[in-house]
Amino acid sequence: MRLTVLMNAGPWLSVPPPGYGGIENVVATLVPELRRLGVRVVLASVGTSTLPADERFSVFPDGQFAALQRPYNQVCGVSQAHLDGVVRQLRARDDIDLVHDHVEAVGLATLAAMGPHAPPALHTLHWDLTKHPELYGNLDAGGRIRVNGVSASQLARAPRALREHSVGHVHLSTPLAVGADRAPLREKGDYAIILGRINPGKGQDVGARLARRVGVPLVLAGPVGPYHRPQDLAAAGKEARQNPDVRFFSDEVAPHVDGDLVRWVGTVAGRERDDLLAGARAALFPLRWEEPGGTAVVESLALGTPVVATARGCLPELVEHGRTGLLTDEEEELGELLLAASLLDPAECRREAAARFTPAVMAERYVGLYESVRQGARVGRMRAAA
Ligand code: UDP
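Residues numbered from 1 in each chain as written. Predicted model: local features only at pLDDT ≥ 70, side-chain atom pairs only at ≥ 80, totals over all residues. Heavy atoms only, no water.

## Here's the deal with the overall build of the protein
Part 1: For the protein, the helix and strand inventory stands at 15 helices and 13 strands.
Part 2: For 386 residues, the compact-globule estimate of 2.2 N^0.38 gives 21 Å, and the C-alpha radius of gyration of the protein, at 21 Å, lies within 12% of that figure.
Part 3: Considered along the principal axes of its C-alpha atoms, the protein spans approximately 70 × 45 × 40 Å.
Part 4: Scored against the burial criterion, the 386 residues of the protein give a buried share of 55%.
Part 5: For the protein, the proportion of contacts with a sequence separation of at least 24, taken over those separated by at least 6, is 68%.
Part 6: Accessible surface for the protein amounts to roughly 16100 Å². Of this, 51% is attributable to carbon and sulfur atoms.
Part 7: Of note, the protein has its 42 positive side-chain charges centred 5 Å away from the centre of its 45 negative side-chain charges. (Helix = DSSP H or I, 4+ residues; strand = E, 2+ residues; numbered from the N terminus. Rg over C-alpha atoms; globule rule 2.2 N^0.38 Å. Buried < 20%, exposed > 50% of the residue type's maximum accessible area, 1.4 Å probe, protein only. Contact = heavy atoms within 4.5 Å. Areas by Shrake-Rupley, 256 points an atom, 1.4 Å probe, with all protein chains shown as cover. Lys, Arg positive; Asp, Glu negative; His and termini not counted. Charge placed at Lys NZ, Arg CZ, Asp CG, Glu CD.)

## Details of the sheet that holds strand 6 (residues 145-149)
Part 1: Spatial strand order, 3-2-1-4-5-6-7: seven strands in an open sheet with parallel pairing. The open sheet has two edge strands with one neighbour each: strand 3 (55-58) and strand 7 (166-169). Taken pair by pair, the neighbouring strands of this sheet meet at an average axis angle of 20°, ignoring direction.
Part 2: Pairing of strand 2 (residues 40-45) with strand 3, which is carried by four bridges, proceeds in the parallel orientation. Residue pairing across strands places Ala44 opposite Phe57, the latter belonging to strand 3. (Pairing = 2+ DSSP bridges. Axes fitted to C-alpha atoms, helices over the stretch in contact; angles between N-to-C directions.)

## Digging into the side chain of Asn8
Part 1: Its place among the elements puts Asn8 in strand 1 (residues 4-8).
Part 2: Judged by relative accessible area, Asn8 falls into the buried class, the value being 0%.
Part 3: Within the structure, the side chain of Asn8 is placed 3.3 Å from the backbone nitrogen of Gly10, a separation counted as a polar contact.
Part 4: Once residues lying within four places of it in the same chain are set aside, the contact partners of Asn8 are Ala44, His82, Leu83, Val86, His100, Asp101, His102 and Val103. (Polar contact = N/O pair within 3.5 Å; in protein donor to acceptor, adjacent residues only side chain to side chain.)

## Describing the pattern of salt bridges
Part 1: Evaluation of the coordinates by the stated rule reveals 28 salt bridges.
Part 2: In this structure, the salt-bridge partner of Asp95 is Arg40, at a minimum N-O distance of 3.2 Å. Note that Asp95 is positioned in the loop between helix 2 (72-92) and strand 4 (98-101) and Arg40 in strand 2, a separation of 55 residues in sequence.
Part 3: Between Arg213 and Glu332 there is a salt bridge, and its shortest N-O distance comes to 2.9 Å. Highlighted residues: Arg213 in helix 7 (residues 204-214) and Glu332 in the loop between strand 13 (325-328) and helix 13 (334-340), separated in sequence by 119 residues. (Salt bridge = Lys/Arg side-chain N within 4 Å of Asp/Glu carboxyl O.)

## Quick look at the nonpolar core
Part 1: By size, the foremost hydrophobic cluster in this structure holds 32 residues, and its most contacted members are Ile193, Phe285, Val307 and Leu315.
Part 2: Contributions of two or more residues to this core are made by strand 8 (192-195), strand 9 (218-221), helix 10 (270-278), strand 11 (282-285), helix 11 (295-302), strand 12 (307-310), helix 12 (315-318) and helix 14 (346-356).
Part 3: Ranked by residues supplied to this core, first place goes to helix 11 with five residues.
Part 4: Excluding its chain neighbours within four sequence positions, the residues that come into contact with Ile193 are Leu218, Val219, Ala221, Leu276, Leu277, Ala280, Ala282, Ala283 and Leu284. (Core = buried A, V, L, I, M, F, W, Y, C linked by side-chain atoms within 4.5 Å.)

## Quick look at helix 10
Part 1: Among all positions of helix 10, only Arg273, Leu276, Leu277 and Ala278 are buried.
Part 2: In the core, the buried residues of helix 10 are packed alongside helix 1 (22-36), strand 8, strand 9, strand 10 (262-266), strand 11 and helix 11.

## Let's talk about the packing of helix 2 against helix 3 (residues 106-113)
Part 1: Following both chains from N to C, one finds helix 2 and helix 3 inclined at 35°, their axes separated by 10 Å at the closest point. Two packed elements cross with a definite hand, and for helix 2 against helix 3 that hand is right-handed. Residues Ser79, Gln80, Leu83, Val87 and Leu90 of helix 2 form the contact with helix 3, whose own contacting residues are Val106, Gly107, Thr110 and Leu111. (Left-handed = near helix turned anticlockwise from the far one by under 90°.)

## Quick look at the site of the ligand
Part 1: Residues in close proximity to the ligand total 17 residues, the closest being Tyr20, Arg197, Val268, Thr295 and Glu299.
Part 2: Take Asn25: an N or O atom from its side chain is 3.0 Å from an oxygen atom of the ligand.
Part 3: Considered on its own, the ligand offers 540 Å² of accessible surface; in the complex 93% of this is hidden by protein.
Part 4: When contributions to the shell around the ligand are tallied by element, the ones reaching two or more residues are helix 1 and helix 11.
Part 5: The leading source of residues in the shell around the ligand is helix 11, at three residues.
Part 6: Looking at the shell around the ligand residue by residue, the classes come out as five nonpolar, eight polar and four charged. (Near = heavy atom within 4 Å. Nonpolar A, V, L, I, M, F, W, Y, C, P; charged D, E, K, R; others polar.)

Next up, the structure:
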């Protein structure tokens, strides 16, 4: 019988996302592949999502991302309202075989609280698992709910209770990885790029300082809090400083942004983003946190751009030092490594992505996990009935 999966992408951005959006990019890649494998997909998202699915429903007409960094008392109802919509669907229908959930914390807690009458669920952990210690450290979701990580290193740092619910990890893939090894290789420019949210963990301040030191032009692409364009941030005035990422950008990154050697171009999307990433001599990840899944790392490899990064989180798992990138434990070495990155072969990066990070590889792995989650839930039910 055909498997029906409720794919819960959450209320924050449409699928596919208009630009920035790690989780939404992954869902946009996974759903078409699952459908090709014969899985029926019911997508829970927002009204502006355009990803083809067998069915779609939403609570919010459009993405609530701009609300995300407002004070807790203004934003705490958003994901709950979305999950409430999911729960209503699950109660009203009996055709859902499994929920694949991507909503941080609330998704896991709500599905666990639904108890044995809800379908089994796989909750993908896209974030840093040292967060939410009270939830993750005490999790007891019975046999019905399983979690998966997005890298082995991420799961290794998880609290024991969470690891006990784990069925392993699945590396990420995004639309940029589609046909990675078939497209013609792009001419390389002389610049490096940091693609991602501008945030202390992603370390754009370090990257900008070191790129200037060694004289490598650097493009910073990504949103600052809810601001996607430099002119929007400028127009927001002092108010914008309530947002911690805006404060980080203004105080630590902007002093290095001279519009010449270091540029902030805002959020880039579609062809512009792909050309910018593919044309870079290196993608830089001067990380200050343990990067959990590294969507942009995988995307860089897929477009033939070697990765230069601090050897933190999933980086050593995704990048082979000396072949597809250059990794270091010493932040101060990153500038010199940017210079050396031109010696790496872009075709090697794409071959690696085509072997390990394709949509098909990711989808097959998830189908396998769906089966083990359903199997585990059946065993749990039999034990409860005995
Ligand atoms: N991204 C984008 N445009 C930008 C910045 C980022 O399309 O200007 C995309 C990027 O391609 C990746 C995602 O947003 O798919 C960022 O995901 P990542 O896991 O690297 O960062 P995080 O989810 O931690 O913010």
